[in-house]
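Chain by chain, the residues:
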Amino acid sequence: MTVYELVFNIPSDPHANDEVKGHSSRAFLTDLHLIDMPATVILGAQWGDEGKGKLVDRLAEQASWVARFQGGNNAGHTVVIGDRVLKFHLLPSGITRQECSLILGDGMVIDPWVLHSELENWIETGGDDPKGNRLFVSERAHIILPYHRAMDSLDKTIGTTGRGIGPAYSDKINRIGLRFGDLAEIAYDASWAQSATERMNRSLEAAGSDVRIEVESLQEEVQWIHGIYESSIANTGLMLDNALKLNEHVILEGAQGCLLDIDQGTFPFVTSSVTSRGNATHGAGIHPGHVTDVIGITKAYITRVGNGAMPTELEDAAGEHLGTVGHEFGTTTGRKRRCGWFDAVVMRHAHRINGFTSLALTKLDVLGGLDELKICVAYELDGAEITEMPSSASALARCKPIYMTVPGFESKTLEEWLVVARHANENGLGITSLPQPAQDYVRQLESLLGIPCSSVGVGPDRDATIDCN
Ligand code: GDP
Ligand code: IMO
Ligand code: MG
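Summarised in this report is the structure supplied together with it. Everything numeric in this text was worked out from a predicted model, so none of it was measured.

## Description of the site of ligand 1
- Taken together, 20 residues form the shell around ligand 1, and within it Lys52, Gly76, Thr78, Thr331 and Asp365 come nearest.
- The contact in question runs from an oxygen atom of ligand 1 to an N or O atom on the backbone of Gly51, over 2.8 Å.
- Between an oxygen atom of ligand 1 and a side-chain N or O atom of Lys54, the distance comes to 3.5 Å.
- Isolated, ligand 1 exposes 580 Å² of accessible area, and the fraction of that covered by the protein chains is 92%.
- Secondary structure elements with two or more residues in the shell around ligand 1: helix H4 (52-59) and strand E3 (77-81).

## Details of the site of ligand 2
- In the neighbourhood of ligand 2, 20 residues make up the surrounding shell, with Asp49, Lys52, His77, Thr161 and Thr271 lying closest.
- Across the complex, the protein chains shield 98% of the 540 Å² of accessible surface that ligand 2 would expose by itself.
- When the residues that make up the shell around ligand 2 are grouped by side-chain class, the tally is seven nonpolar, ten polar and three charged.
- Residue contributions to the shell around ligand 2 reach at least three from each of two domains, namely domain 2 (143-229) and domain 3 (298-467).

## Concerning empty space enclosed by the protein
- Scanning the entire structure with this criterion turns up two cavities of 30 Å³ or more.
- Put simply, the largest cavity is a space of about 50 Å³.
- Elements that contribute at least two residues to the lining of the largest cavity include exactly H4, strand E15 (358-362) and strand E19 (453-457).
- The element best represented in the lining of the largest cavity is E15, accounting for three residues.

## Quick notes on the coordination of the magnesium ion (ligand 3)
- Ligation of the magnesium ion (ligand 3) by protein atoms is provided by Asp49 (OD) and Gly76 (O), these donors lying 2.0 to 2.2 Å from the ion. With Asp49 in the loop between strand E1 (39-44) and H4 and Gly76 in the loop between strand E2 (65-68) and E3, this pair connects stretches of sequence that are 27 residues apart.

## Considerations on the pairing of E19
- Within E19, five of the five residues are buried, which leaves it mostly tucked inside the rest of the structure.
- Relative to E19, E15 runs parallel, the two sharing three bridges. Within the sheet, the bridge partner assigned to Leu361 lies in E19 and is Val456.
- Judged from the three bridges that link them, E19 and strand E20 (residues 465-467) form a sheet pairing that is antiparallel.

## A word on helix H5 (residues 112-124)
- Compared with the 18 Å implied by 1.5 Å per residue over 13 residues, the 18 Å span of H5 between its first and last C-alpha is a close match.
- For H5, the full list of buried residues reads Pro112, Leu115, Glu118, Leu119 and Trp122. The buried residues of H5 occupy one face: seen down the axis, they fall within an arc of 125°.
- On its buried face, H5 sits against strand E4 (84-88), strand E5 (101-104), strand E6 (109-110), strand E7 (135-138), strand E8 (142-143) and helix H10 (215-229).
- For H5, the N-terminal cap is Asp111; the gap from its side-chain oxygen to the backbone nitrogen of Trp113 is 2.9 Å.
- Of the residues one or two after H5, Gly126 is the one with positive phi, at around 100°.

Reading guide: rules and limits
- Residues numbered from 1 in each chain as written.
- Chains lettered and ligands numbered in written order.
- Predicted model: local features only at pLDDT ≥ 70, side-chain atom pairs only at ≥ 80, totals over all residues.
- Heavy atoms only, no water.
- Near = heavy atom within 4 Å.
- Polar contact = N/O pair within 3.5 Å; in protein donor to acceptor, adjacent residues only side chain to side chain.
- Areas by Shrake-Rupley, 256 points an atom, 1.4 Å probe, with all protein chains shown as cover.
- Helix = DSSP H or I, 4+ residues; strand = E, 2+ residues; numbered from the N terminus.
- Nonpolar A, V, L, I, M, F, W, Y, C, P; charged D, E, K, R; others polar.
- Domains from an automatic or database assignment.
- 1 Å grid on protein atoms, 1.4 Å probe; cavity = no way out; pocket = protein on both sides within 12 Å on 5 of 7 lines; lining within 4 Å.
- Points joined across faces, edges and corners; volume = space filled by probe spheres on them.
- Donors = N, O, S within 2.8 Å, 3.2 Å for Na, K, Ca; no water.
- Buried < 20%, exposed > 50% of the residue type's maximum accessible area, 1.4 Å probe, protein only.
- Pairing = 2+ DSSP bridges.
- Expected span 1.5 Å × (residues − 1).
- Arc of directions from axis to C-beta.
- Contact = heavy atoms within 4.5 Å.

Coordinates in, geometry out; function isn't part of it.
Below you can see the structure in the form of structure tokens.
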């Protein structure tokens, strides 16, 4: 019996199948559990921008679903296919694979206007209209409104992306936020618009903003959102759960990174969602038992956009090299990313929180041309050596990196790296295709962290990734 037959044969009377199967319906349900196809979680292991978009696009070739589960359009995920550079803020990066269905999951905060313009761009460049066909928006996801953007624009401390993320999550936690699934009820309810406007304007005034929200505009906006997305709003957790039971492979695409996690990151210089493994299934509306693969993505060095300490930050020629060769400018805001050496203390923390089953190392090519490479193995804090990250932002700011130094390797053009990657994958060479010092660098990181690399990125292009297993 095939998996499909098994699933479609689920009887309405749970005992009806007992004879056919020759055992109890309870055992039948257990069989179903055993045939669940595991989901893969892809997570940023640093301060974001590790290359999640590129990896998701690559792995989505083998997947039926890609789901975002947290964050919003603070994310900027890049996919490069030949001379096409695609940047996604809300659309899951699996959109590049026509057979892949896409979910904007329960734990997200979504700006409907940004999603609309992303979809228009996608369609203008020859893509399909996936809304309601293969793109579904969770009824539980929260809506970012102009009010949230206005509140976020007042930030002077964190260096947020200004996209309304924190204020939208605040409203969710305060249990006053607006969800996609609630639109049908409130879109034509004038009393909702009246009281929401009053509340928003009180908050704006208290925060010192000159912006005010008009009742009529708010009502028109929610009606527009309802009209545009009505056909794609769904119980997306249930859809994913059903898909897993049909043996379909699901990728859960993280946004931001472990060090930006509201609980486990470098608070208060973090985003407002849980970016980690624990929230991947929760934010997607499925249970954690579906997951067996958790891929932590890390650059071969480290970057950060926005404020907050970064112990290995470089302000010398090596930092300049990383920023220039790596084109380190934010995908969402265009801000210059701060660059530094690979930080194994950060990564140990990220591994403890997420239990990575493998690492996807990206941007190894960017290190080419540096005579020597440094890896931070511990910090010195107030005269003492520590190997775990302090939770206090001021203590982290006082941490001085303790480095080991290893030899560098020669630079190559992106075309040359692409040839290396294609040759490696065609011949199953893995990282043995790399120059010896580059191989040694990868092995050094693996052994410091105790996690094997499943892939190594050597360029932005979809094909510039060396598979290691
Ligand atoms: P994400 O937010 O984690 O998806 O990462 P971003 O897309 O914001 O930033 C990663 C940047 O690095 C993008 O411009 C990618 O095209 C690029 N990139 C990804 N992997 C590699 C790699 O292995 N080498 C190089 N040179 N660039 C890469
Ligand atoms: P992806 O998914 C890098 C940073 C901001 C700021 C902090 C809080 O592309 O990796 P927010 O707007 O979320 O309230 O800003 O978090 N930040 C990111 N940095 N990559 C991201 O996403 C980020 N999303 C938010 O720069 O420091
Ligand atoms: Mg990004």
